[in-house]
Structures are given as structure tokens and as C-alpha cells.
Amino acid sequence: MAEGEKDNTALYVLLGCAGLLVLGLCAATGVGVWMVMEQASSAPPVAYPMPPGPVPGPTVPGPTVPTPPPPVAPSPFPPPTGPALPPPPSFAPPMLVRATIDSVEGASPVAVGTACEFTVERQPSPDQPSGYWCRTQIVCGGRLLYGGPSAGFFPCTLGEGTPRTVVGQDVETTSVDTDASMSIDTSTATLAIRDDGAGPFGAYGVRARITETR
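Just so you know, these numbers come straight off a predicted model, no measurement behind them.

Caption draft 1: Seen up close, the packing of aromatic side chains. Under the defined criterion, the tally for this structure stands at 3 aromatic pairs. With 5.2 Å between their ring centres and 35° between their planes, tryptophan 133 and phenylalanine 153 make a pair best called tilted. In this pair, tryptophan 133 is assigned in strand E3 (residues 132-136) and phenylalanine 153 in strand E6 (residues 153-154), connecting sequence segments 20 residues apart. Classification of tryptophan 133 as partly exposed rests on a relative accessible area of 26%. The class for phenylalanine 153 is partly exposed, based on a relative accessible area of 27%. On the numbers, 6.3 Å between centres and 75° between planes, the contact of phenylalanine 201 with tyrosine 204 is edge-to-face. Residue classification places phenylalanine 201 among the partly exposed residues on the basis of a relative accessible area of 23%.

Caption draft 2: Geometry of the state of the cysteines. On inspection of all chains with the given rule, the structure shows 2 disulfides. For cysteine 116, the disulfide goes to cysteine 140, at an S-S distance of 2.0 Å. On the S-S bond that ties cysteine 116 to cysteine 140, the torsion sits near 110°, and the link is right-handed. Taken together, the residues span a long stretch of sequence, with cysteine 116 in strand E2 (residues 115-124) and cysteine 140 in strand E4 (residues 138-140) at a distance of 24 residues. You can call cysteine 116 buried: its relative accessible area is 2%.

Caption draft 3: Highlighting the pattern of salt bridges. One pass over the structure, following the stated rule, counts 5 salt bridges. Among the salt bridges present, the one from arginine 209 reaches aspartate 102, with a minimum N-O distance of 3.9 Å. Within this pair, whereas arginine 209 is found in strand E11 (residues 204-213), its partner aspartate 102 is found in strand E1 (residues 95-106), the two being separated by 107 residues in sequence. Between arginine 214 and glutamate 212 there is a salt bridge; the shortest N-O distance is 3.0 Å. Exposure remark for arginine 214: the relative accessible area of 53% places this residue in the exposed category. Looking at glutamate 212, the relative accessible area reads 29%, which means it is partly exposed.

Caption draft 4: Focus on the environment of alanine 92. Position of alanine 92 among the secondary structure elements: in the loop between helix H1 (3-42) and E1. Considering only alpha carbons, one finds alanine 92 and glutamate 121, 29 residues apart in sequence, at a separation of 7.5 Å.

Caption draft 5: Quick look at the side chain of aspartate 185. In this fold, aspartate 185 is placed in strand E9 (residues 181-185). One buried charged side chain, aspartate 185, makes no salt bridge at all; its nearest oppositely charged neighbour is arginine 207, positioned 11 Å away. Apart from residues lying up to four places away in sequence, aspartate 185 is in contact with Val166, Val167, Thr190 and Ile210.

Cut-offs used in this document
Here, residues in each chain are numbered from 1, in the same order as that chain's written sequence. Totals for whole chains, interfaces and linings use every residue, but because this is a predicted model, local features are given only for residues with pLDDT of at least 70 and side-chain atom pairs only at 80 or more, for both listing and counting. To obtain the side-chain values, all non-hydrogen atoms of the structure were included, while hydrogens and water were left out. Only the six-membered ring of Trp is used, alongside the rings of Phe and Tyr, when aromatic pairs are assigned; centres must lie within 6.5 Å, and planes under 30 degrees apart are stacked while those over 60 apart are edge-to-face, with the rest tilted. For helices the rule is a DSSP run of H or I covering at least 4 residues; for strands it is a run of E covering at least 2, with both sets numbered from the N terminus onward. Three exposure classes are used, based on accessible area relative to the maximum for each residue type with a 1.4 Å probe and protein chains only: buried under 20%, partly exposed in between, and exposed over 50%. Here, a disulfide means two cysteine sulfur atoms that sit within 2.5 Å of each other. A pairing counts as a salt bridge when a side-chain nitrogen of Lys or Arg comes within 4 Å of a carboxyl oxygen of Asp or Glu. Within this scheme the basic residues Lys and Arg register as positive and the acidic residues Asp and Glu register as negative, but His and the chain ends are omitted. Contact between two residues is taken to exist if any of their heavy atoms lie within 4.5 Å; hydrogens are not considered.

So, in C-alpha cells, the structure goes:
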């Protein structure tokens, strides 16, 4: 081969090698760029610390609180307590009682032998175990010895047999409950009345024998 042709061949080889090197570098650069982009797309997002304090957000209206109703004034009359009691059986007409004074003491307004006549009637009373109590106005010789316009009530037990009976007592005198103390038991035909100095007749006591009931 001529010297000129050898030089040309060497030049072509060098140019070819330079071209291959440039192509290889370009290819390597493309692959590197592709790998970096893949890693960037698959990496988790970076969380940056939030500044302290509340995070602003949309304003949400709170629940509406209803206005409470005004308080109801308590009733001046308390409701009844306990189970409702059935109405007591009738005791009508009122029971008639007649008696005669047997003994007296103190400043008695009546004398021995004075006649007494009065009636006993049933009054409903939820406070009593029986559901009722009795009321009477005991008059002897024209004088009211027991009772009054708003008095004369006492716990009692009534019998509807023949004859009808009444047993009961009021242990408090006028200074406590505005009328005298009284006890009555028609089954034993006894009646006793006693009062203190606060009564209309002063301190006294009488005993009477019941002579009739109907």
C-alpha cells in the first residue's frame, strides 16, 4: 500500500473511533438522566416541619344550644305522698250519743247528773291509717265541752254493727290544739273530758256514763 493510502486509512480509523466514543458518551449521559428522573419520581415527598400554632382552616359553625325554659315556680301546695287510699265506707247518718255526768273536778262548768247529747261523724283523712277520723261537738247542759268551729277532730275506730260503736281519743288540751282533751269508748260506755287553764272554762275534768247510742 502506498504511504498516502496508509495515512488516510489511519485517519479514518481515528475518526471512526472518535465517533464511537462520542456516541457512547451520549448514550451513557441519556441513561444517567433517565435513572435520575426515575428515582426522583419514585421517592416519597419530603415533609417540611409546620410552624407552631393552630393550623388555619375553614370556619365550621358550632351546634346551636337551645335557650332553656324559665324555671317553674314550685306549687305552694305539696303533692300528697304515699299510695292513694280508697274512700272510707259511709257512716251516715252520724251516730247519736247520749250520756250523763258521773263525776267532776276542778272548775267544772257542769254538775254531776248533767245530761250530754252529741253526734259523731266520719271525716276523710289520708293521714290516718284507717283513711278517716271522727269529729264531734260534745254539749252537756247547754255548754260546749269539746269541739269548736274548726276543732273536735280525733282518731277513732267506728263499728257498723248493732249497736254502732266508736272508740277514740284526743290527748291534747286547749293550749296545744284549741280544744279540750277527750276520750270515748261506747263499748264500755265511758266518756272523759279534761282541759287546762287556756280553755274557756279553765282547768277542769269530767267523767260521764254513756246511756244510749244509735
